[in-house]
Each structure stands twice: as C-alpha cells, then as structure tokens.
Amino acid sequence: MARPTRAHIDLAAIRGNYRHAKAQAPGARALAVVKADAYGHGAVKVARALAAEADAFAVACGEEAMELREAGIRSPIVLLEGVFHPDELLDVDRADLTPVVHNHEQLEWLCRARPARPLQVWLKMDSGMHRLGLAPLGFAAAHARLAACPHVSAIVLMTHLARADEPTHPATAAQLDCFRTHAGDLPGSRSIANSAAILGWPAAHGDWLRPGIMLYGASPFGEAHPSAAMLRPTMMLESRLIGVRDLATGEAIGYGGRFVCERPTRVGVVAAGYADGYPRHARDGTPVAVNGRPSRLIGRVSMDMLTVDLSDQPAAAPGDPVQLWGDLVPANAVAAASDTIAYQLFTGLSRRVPMHYEDAT
Ligand SMILES: *Cc1c(COP(=O)(O)O)cnc(C)c1O
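Residues numbered from 1 in each chain as written. Predicted model: local features only at pLDDT ≥ 70, side-chain atom pairs only at ≥ 80, totals over all residues. Heavy atoms only, no water.

Undergrad: How should the sheet that holds strand 6 (residues 119–125) be read in this particular structure?
TA: Sheet strands associate in pairs through backbone hydrogen bonding, adopting either a parallel or an antiparallel arrangement. A sheet is described by the order of its strands in space; here eight strands give the open sequence 8-7-6-5-4-3-2-9, paired in parallel fashion. Of all strands in the sheet, those bounded by a partner on one side alone are strand 8 (190–191) and strand 9 (208–209). As paired strands, strand 4 (residues 77–79) and strand 5 (residues 98–101) are joined by two bridges and run parallel to one another. When the bridges of strand 5 are listed, Val-78 appears paired with Thr-98. (Pairing = 2+ DSSP bridges. Helix = DSSP H or I, 4+ residues; strand = E, 2+ residues; numbered from the N terminus.)

And the structure:
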C-alpha cells in the first residue's frame, strides 16, 4: 500500500480566490502570480485552471515562463525579476514575455535589443522597499529612455510594498506617496498591490493587481483579518496515523525527548515529516486535525514522521486521517507555531508528496 501522505489541491478554490481579488478593485486587471510553481501548487495546473479568466500571469524568471508556454498557456506572462542576461531577451521575444525592468543594466539591454515584435515592459520603481527598482529621482528619465525605443510598445509603471501586511503602518502611505510623486503624470498603467495591499490598502489598487498568496487561500496578514475571511484554502496536506501508543507520566517522545508526558498520554504517529515539507521547527501544541477533530503536535518533528496528542480521542487507530494544514487547520496557524509564513510552507512541499487535483467547475 502507498504511503498515505498527499496534498489535495482545489483548483476551483484558486479560481474563487482570484475572483475575490478582482472584486476588491472593480475595473482593475490582475496578474495571477504563479511563481515558485504557483506557490507549490503546480504552476501548469494552476495556470490552466485560471487561463480562461486571468488577465495575465506573473512568474519570477524565464524558466518558469517557458514551462507555462510549453504547456500551451498563451496569456501574457510578466517576468517579475526581468531578464538576468541580455541573451534572454531572445526568449522574451520568441515566447512573447513581458519583462520587468528594475535597474539600468536591464534598461540598456532592452534599449539595444532588436526584437521581431514590439515589447511590453513593466518599469519598476524602488519607492522604499530597497530591494529591486530604479531610484525615484531617475524614474522619469528611465521612462523617457524606454519610451523612446521604437520597439517598446507599452510601459506599465510598478512598485512593490514592503509592509502592506501591517494594516496601518505609515511605511505604506510613504511608499504610495513616493510612487505618486515620482511617477507623476507619466503615461501608462500603474501596478502596486500584492495580496496584502489588495485586501488592506484600496489606495494602492491602481490598474493592475498582483495577487499571490491570497490565490492560495492564506491571509497575507497572518491570522484574522476581515477582508481575508472570504478566502478559501486551496492546499490540504494530509496523511494518516501509522501507530498509536499509550505512554505513562514522565515518558518522553521522539528525538531529544522534547515532549515529556505530564499525564498518561495516548500518542499517535503520523506518516509526515520535514522531508515532506512539514516544518521541523513546529513547536509542541502546533494544531493538527485527527479524524477531523482538533489535536496538537507533541515532540520534535522527524524526517518522515511526527507525533500527535490523542488524549481526547481514545478510539483513534492506525489508518485514521490526519490533516496537517488545509480547511481544518489554517496554514497560517501552523506557520505561526513554526516561526515561518504560509508562503514557505506551500513552496516547501517536497517532491515526495503526491499531488491530487480537484476542479469542481
Ligand atoms: C510575489 C510577488 C507578488 C505577490 O505577493 P503576495 O504577497 O504573494 O500577494 C506581487 N508582486 C511582486 C513583485 C512579487 O514578487
């Protein structure tokens, strides 16, 4: 019999979440961000499920874009980091990709390119995140240089927010101000908003939304936020109990004996561990669901197994289903108990975990 660890992906829920993103800003278009294999959900499957209604897709790099093109996805695809070498502009031309330009080198490569067809470009300003983007003061000049290239047909102006997940933080207002001031009245559409800004900062909506994590059903704010409550979980990581034992008070569980029973404790052994992508740093008490009911992790997570408290479930037996995250156990709750974020849980799912897709249309 096969190992019972598997991920269920709900493609209809991803479509619903995409619609929820667009409903926040009627009239705006939205790039569905499918970088990093669609946050671990399978980029080709997700792009196919969204292709009929997504205005465009966004990926990190040309390799990710080519995977979608080879699978027959014909929608526009934005390369969020642009090209890494001028030669890549040949692929951009051939595969009809839309590069971001975030520095002067890329700007020069692009201006010197001689593509067979006109290129659309997303020009990025560093409005305060200080990772990628052109300095605000040189932005208008860079725009003018691009606009003067006969092979550049359209320029979208973009920036990225560093703290949009903090609902009232002044850094976001400052970034919006900076962008507004230095993009000024340059022609072209505007794109500012990641998931957190889509849900929490209407002033950042602009013309093109860029939803990522919200497509995959996790709130960008961590736990509770009213505008994230409508999101539907899209990845269910599940396994089963493969052992049950009763331990006496004082007995320790697993490597390092991290958890010591404070009372007689029934312990379940689950066939999922950090080699599947479950976080090794998950603390005792991290939520799980056994037979659809709340339980908690006890003891250190090992490579292929983890252990849970079955004290409230005397009838639990090997073969019973366990949900590690999904509709019963928010990925954000597991992430919070492991000092990480749902983004990392989703993208960290390992190749060993078979993926099962559902698409209730
Ligand atoms: C990844 C990414 C996004 C999506 O961010 P989420 O927080 O997942 O919504 C948006 N814009 C850029 C530039 C990105 O790199």
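Undergrad: What exactly am I supposed to notice about the nonpolar core here?
TA: What tends to happen in soluble globular proteins is that the nonpolar side chains get buried as a cluster. Ranked by size, the top nonpolar core spans 113 residues in total, and within it Phe-57, Leu-68, Leu-146, Tyr-216, Tyr-278, Trp-325 and Phe-346 carry the most contacts. Considering every element that reaches this core, the biggest residue donor is helix 3 (residues 43–50), with six residues. Shared between two domains, this core takes at least three residues from each, and those domains are domain 1 (10–216) and domain 2 (235–358). Once you skip the residues sitting within four places of it in the chain, Leu-68 turns out to touch Val-34, Ala-43, Val-44, Ala-47, Val-59, Ile-73 and Ile-77. Counting six residues, the second largest nonpolar core, distinct from the first, contains Leu-247, Ile-253, Cys-261 and Ile-298. (Core = buried A, V, L, I, M, F, W, Y, C linked by side-chain atoms within 4.5 Å. Buried < 20%, exposed > 50% of the residue type's maximum accessible area, 1.4 Å probe, protein only. Domains from an automatic or database assignment. Contact = heavy atoms within 4.5 Å.)

Undergrad: Is there a simple way to think about the pairing of strand 15 (residues 293–296) in this case?
TA: Successive residues of a regular strand alternate their side chains across the two faces of the sheet. The sheet contact formed by strand 14 (residues 287–290) and strand 15 spans four bridges and is antiparallel. By the bridge assignment for strand 15, Pro-287 is matched with Arg-296. The antiparallel hairpin formed by strand 14 and strand 15 contains two residues in its connecting segment, where Asn-291 sits at a positive phi of about 55°.

Undergrad: Would you take a moment to explain the site of the ligand for this structure?
TA: As a structural note, the neighbourhood of the ligand is formed by Val-33, Lys-35, Tyr-39, Leu-80, His-160, Asn-194, Ser-195, Arg-210, Pro-211, Gly-212, Ile-213 and Tyr-343. Interatomic distance of 2.7 Å between a side-chain N/O atom of Lys-35 and an oxygen atom of the ligand. Between the ligand and Ile-213 there is a distance of 2.7 Å, counted from an oxygen atom to a backbone nitrogen or oxygen. Protein contact buries 92% of the 390 Å² of open area that the ligand shows by itself. Along the lines of polarity and charge, the residues of the shell around the ligand split into six nonpolar, four polar and two charged. (Near = heavy atom within 4 Å. Polar contact = N/O pair within 3.5 Å; in protein donor to acceptor, adjacent residues only side chain to side chain. Areas by Shrake-Rupley, 256 points an atom, 1.4 Å probe, with all protein chains shown as cover. Nonpolar A, V, L, I, M, F, W, Y, C, P; charged D, E, K, R; others polar.)

Undergrad: Could you clarify how one ought to interpret the pairing of strand 1 (residues 6–10) in this entry?
TA: For strand 1, a buried count of four out of five residues is recorded, marking the element as mostly surrounded by other parts of the structure. In this structure, strand 1 lies alongside strand 10 (residues 235–247), joined through four bridges in antiparallel fashion. Paired with Ala-7 across the strands is Leu-237, a residue of strand 10. Summarising the sheet, strand 1 and strand 18 (residues 355–358) pair through four bridges and their orientation is parallel. For His-8, the partnering residue across the bridge sits in strand 18 and is His-356.

Undergrad: Would you explain the side chain of Asn-194 in this entry?
TA: Assignment of secondary structure puts Asn-194 in the loop between strand 8 and helix 9 (195–200). Judged by relative accessible area, Asn-194 falls into the buried class, the value being 18%. From its side chain, Asn-194 meets the backbone nitrogen of Ala-197 in a polar contact 3.1 Å long.

Undergrad: Before we go on, may I ask you to explain the state of the cysteines in this structure?
TA: Scanning the entire structure with this criterion turns up zero disulfides. Free of any disulfide, Cys-149 has its nearest cysteine sulfur in Cys-111, 3.1 Å distant. Judged by relative accessible area, which is 7%, Cys-149 ranks as buried. (Disulfide = S-S within 2.5 Å.)

Undergrad: Honestly, the domain arrangement of the protein in this entry has me stumped. Any pointers?
TA: By convention, interface size is frequently given as the accessible area that disappears when the constituent parts associate. You can read the domains of the protein as domain 1 (10–216) and domain 2 (235–358). Distance between the C-alpha centres of domain 1 and domain 2: 37 Å. In this complex, domain 1 contributes eleven residues to the contact, which on the side of domain 2 involves nine residues. Carbon and sulfur atoms make up 68% of the surface buried where domain 1 meets domain 2, a total of about 940 Å² over both sides. (Buried area = accessible area lost by both parts, 1.4 Å probe.)

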